[in-house]
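# Results of the structural survey
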Amino acid sequence: MLLKEKVVIRLNGRLNVSDEAGITIDQQYESIKKGSDIDLTFLGKSEYFIWGKQISLHTANLLTNICAKDVLQMQDGKTKILYDEEKGTPMYISYRGFLTEEDAREEMKKIIDAKEKYVNALTLDEYMK
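Remember, it's a predicted structure, so these values are computed and weren't measured experimentally.

### Notes on the packing of aromatic side chains
Tallied over the full model, the rule gives 0 aromatic pairs. When the ring centre of Tyr-92 is taken as origin, the NZ or CZ atom of Arg-10, which lies over that ring, is 3.4 Å away.

### Some details on the pairing of strand E3 (residues 37-50)
Bridge count for E3 against strand E4 (residues 53-73) is 13 bridges, and the pairing is antiparallel. When the bridges of E4 are listed, Lys-45 appears paired with His-58. The antiparallel pairing of E3 with E4 creates a hairpin that spans 2 residues between the two strands, and Trp-51 there sits at a positive phi of about 50 degrees.

### Section: the nonpolar core
Ranked by size, the top nonpolar core spans 14 residues in total, and within it Ile-32, Ile-38, Leu-40, Leu-63, Ile-66 and Ala-68 carry the most contacts. Mapped onto this core, the elements with two or more residues apiece are E3, E4, strand E5 (79-85) and strand E6 (92-98). Per-element tally for this core: the top contributor is E4, with 4 residues. Those residues in contact with Ile-32 that sit more than four places away from it in its chain are Ile-38, Ala-68, Val-71 and Ile-81. Core analysis: the next-biggest nonpolar cluster, separate from the first, contains 8 residues, Ala-60, Leu-62, Ala-104 and Ile-111 among them.

### Quick word on the pairing of E5
When E4 meets E5, the two strands line up antiparallel, connected through 7 bridges. For Ile-66, the partnering residue across the bridge sits in E5 and is Glu-85. Where E4 hands over to E5, the hairpin turn is made up of 5 residues, of which Gly-77 adopts a positive phi near 90 degrees.

Calculation notes
Residues numbered from 1 in each chain as written. Predicted model: local features only at pLDDT ≥ 70, side-chain atom pairs only at ≥ 80, totals over all residues. Heavy atoms only, no water. Phe/Tyr/Trp six-rings, centres within 6.5 Å; stacked < 30°, edge-to-face > 60°. Lys NZ or Arg CZ within 6 Å of the ring centre and 35° of its normal. Pairing = 2+ DSSP bridges. Helix = DSSP H or I, 4+ residues; strand = E, 2+ residues; numbered from the N terminus. Core = buried A, V, L, I, M, F, W, Y, C linked by side-chain atoms within 4.5 Å. Buried < 20%, exposed > 50% of the residue type's maximum accessible area, 1.4 Å probe, protein only. Contact = heavy atoms within 4.5 Å.

Any functional reading would require information beyond the geometric quantities listed.
Structure representation (structure tokens):
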């Protein structure tokens with residue numbers, strides 16, 4: 001379903017976030033402040049072995065309902081963003097799958113413009129009903 005029908009799938013579940021959890025960005029972002037609600041896009045990759053054949057699945061992902069707990073400007077010019085769930089709304093990931101990393105990268109560039117499709121995505125169980 002993920003590849004054939006090219007649907008966006010919502011993965012419910014809480015990420016285990018520690019005080020040190022965060023992301024590091026290669027540049028400085030003055031527009032992200034402590035307490036800001038943010039969305040993160042990222043690539044993923046999973047390997048599957050089916051009947052002895054290895055298959056790679058690349059995903060373009062949106063992590064939403066998160067809040068910047070702190071924004072740290074690092075000495076190397078990078079920015080580290082510590083994050084947690086927004087109050088009252090659990091974080092979750094929505095994703096689309098692709099056979100190539102290049103296709104996943106292209107989709108990742110478009111996610112914020114198509115954010116509503118990702119935010120309103122159904123879970124796999126909901127698609128299967």
